Amino acid sequence: MKILIIEDESINANRLKRLLEELEPDCKILEIIDTVQGAVKWLNANEMPDLITMDIRLADGISFSIFEAVKITCPIIFTTAYDEYAVRAFKVNSIDYIMKPIEKNELEQALTKFKSVAKVQHNTEDIAGILKRFLNKTSFRVRFLVTYRDGYKSVDVADIDFVYSEFKTSHLFLKNGTTIPIPQTMEELEDELDPDVFFRANRQFFIRAESIKAIANYFNAKLKIQLKSDPEREVIISREKAPFFKQWMDR
């Protein structure tokens, strides 16, 4: 079993490595990586491991950014001190979500889940398909029910141009130019919107490729996005997130 560890705290990484080697003496720890960018670079340069253990908050950002840059087809065991990412974790290839400090029996149970997934793999079926059935993967949102006059109306996600947050309220900016406030937070929307369609540019914006008019270099290696339907609105992508945005666009 070939395992990649993505963890930015050396004490936790070394403990996890020791536990894995105790539980699976024949396993091979391929690498211990502590950053999002390092993980992307490694995954692009090497064959996919059999299993990845992944912390969520890394030295240079949130590990979910890795999935925006690289197609990961192997199972993931998330290891974290934060419980608020559990729903989002199971929308990718997660088979377990272990809270730190990691206990040996919990890791053993996660490895048992991994083996049950691998056992049912057929030659004609890739691991992503198995995981989808195994986890009963949640669908992304396709519409919003919003208040309208004295009642409600349905807004299709396909009709949304971009999403923005202003004064702590999220808004849908529709392709027809209208704006609708919604109760969901930007963090909740990050779990509900399809990341293949919407890219979270920063804390205030989700954008889609069709909503972009121009992409310009900005100071300190950032990017500045001009929107077709609202060109005066400024959307800045950080230096850390810029590489992932470029890869999201270039596919």
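Further up the page is the structure itself.
Residues numbered from 1 in each chain as written. Predicted model: local features only at pLDDT ≥ 70, side-chain atom pairs only at ≥ 80, totals over all residues. Heavy atoms only, no water.

Novice: Which residues make up helix 8 (residues 242-249), and what values do they have?
Specialist: Taken as a whole, helix 8 has its buried residues at Ala242, Phe244, Phe245 and Trp248. Buried residues of helix 8, viewed axially, fall in a sector of 160 degrees; they line one side. (Buried < 20%, exposed > 50% of the residue type's maximum accessible area, 1.4 Å probe, protein only. Helix = DSSP H or I, 4+ residues; strand = E, 2+ residues; numbered from the N terminus. Arc of directions from axis to C-beta.)

Novice: Describe the packing of aromatic side chains, naming the residues involved and giving the relevant values.
Specialist: The final tally for this structure, using the stated rule, is nine aromatic pairs. Relative to Tyr164, the ring of Phe162 has its centre 6.0 Å away and its plane inclined at 45 degrees; by these criteria the two rings are tilted. Each member of the aromatic cluster is reached from another via a ring pair, and the members are Phe162, Tyr164, Phe173 and Phe205. Cation over ring: Arg233 sits above Tyr164, and NZ or CZ is 4.1 Å from the ring centre. (Phe/Tyr/Trp six-rings, centres within 6.5 Å; stacked < 30°, edge-to-face > 60°. Lys NZ or Arg CZ within 6 Å of the ring centre and 35° of its normal.)

Novice: Pulling in residues and values, what's your account of the sheet that holds strand 15 (residues 212-217)?
Specialist: Read from one edge to the other, the open sheet built from three strands follows the order 15-16-17, with strand pairing classed as antiparallel. Each of the sheet's edge strands pairs with one partner strand only, and the pair in question is strand 15 and strand 17 (235-237). Direction aside, the axes of adjacent strands within the sheet are offset by 25 degrees on average. In this sheet, strand 16 (residues 223-227) lies alongside strand 15 in antiparallel orientation, the contact comprising five bridges. Bridge assignment links Ala214 to a residue of strand 16, and that residue is Gln226. (Pairing = 2+ DSSP bridges. Axes fitted to C-alpha atoms, helices over the stretch in contact; angles between N-to-C directions.)

Novice: Account for the sheet that holds strand 7 (residues 94-99), naming residues and giving values.
Specialist: Strand order in this open sheet of five strands is 2-1-3-6-7, and the pairing throughout is parallel. Of all the strands in the sheet, just strand 2 (28-33) and strand 7 have a single pairing partner and so form its edges. When the angles between neighbouring strand axes are averaged without regard to direction, this sheet yields 15 degrees. Inspection of the sheet shows strand 3 (residues 51-54) paired to strand 6 (residues 76-80) by three bridges, in the parallel sense. Looking at the pairing, Thr53 lines up with Ile77 of strand 6. Against the sheet, helix 1 (residues 10-23) engages strand 1 (2-6), strand 2 and strand 3, with an angle of about 170 degrees to strand 2. (Contact = heavy atoms within 4.5 Å.)

Novice: Could you give an account of the pairing of strand 9 (residues 151-156), with specific residues and numbers?
Specialist: Remember that side chains alternate between the two faces of the sheet whenever the strand is regular. With six bridges joining them, strand 8 (residues 143-148) and strand 9 adopt antiparallel strand pairing. Note on strand 9: the bridge partner recorded for Leu145 is Ser154. Here strand 8 hands over to strand 9 after two residues, with Arg149 in that stretch at a positive phi of 55 degrees.

Novice: How would you explain the pattern of salt bridges if you had to name every residue and give the values?
Specialist: Using the criterion set out here, one finds 14 salt bridges in the structure. One salt bridge in this structure joins Asp96 and Lys113, with 3.4 Å as the shortest N-O distance. Linking Asp96 in strand 7 with Lys113 in helix 5 (residues 104-119), this pair joins segments that are 17 residues apart in sequence. Taking relative accessible area as the criterion, Asp96 reaches 13% and is therefore assigned buried. (Salt bridge = Lys/Arg side-chain N within 4 Å of Asp/Glu carboxyl O.)

Novice: Summarise the environment of Leu193; cite the residues concerned and give the values.
Specialist: Its location among the elements puts Leu193 in the loop between helix 7 (186-192) and strand 13 (199-200). Residue classification places Leu193 among the buried positions, given a relative accessible area of 4%. When the C-alpha atoms of Leu193 and Ser139 are compared, they prove to be 9.3 Å apart, with 54 residues separating the residues in sequence. With residues up to four places along the chain from it excluded, the contact list for Leu193 reads Phe140, Phe144, Val163, Phe198 and Phe206.

Novice: Give a description of the packing of helix 2 (residues 36-45) against helix 8 that names residues and reports values.
Specialist: In contact at an axis separation of 11 Å, helix 2 and helix 8 are set at 40 degrees when each is read in the N-to-C sense. As the angle between them shows, helix 2 and helix 8 are arranged oblique. Seen from helix 2, the contacting residues are Val36, Gln37, Val40 and Asn44; seen from helix 8, they are Pro243, Phe244 and Gln247. Considering only residue class, the contact of helix 2 with helix 8 consists of four nonpolar, three polar and no charged. (Parallel < 35°, antiparallel > 145°, perpendicular 65-115°, else oblique. Nonpolar A, V, L, I, M, F, W, Y, C, P; charged D, E, K, R; others polar.)

Novice: Describe the environment of Lys222, with residues and values.
Specialist: Looking at where Lys222 falls in the secondary structure, it is placed in the loop between strand 15 and strand 16. Residues Lys222 and Ser238 lie 16 residues apart in sequence; the distance between their C-alpha atoms is 4.9 Å. Every residue in contact with Lys222, bar those within four places of it in the chain, is listed here: Ala216, Asn217, Ile236, Ile237, Ser238 and Arg239.

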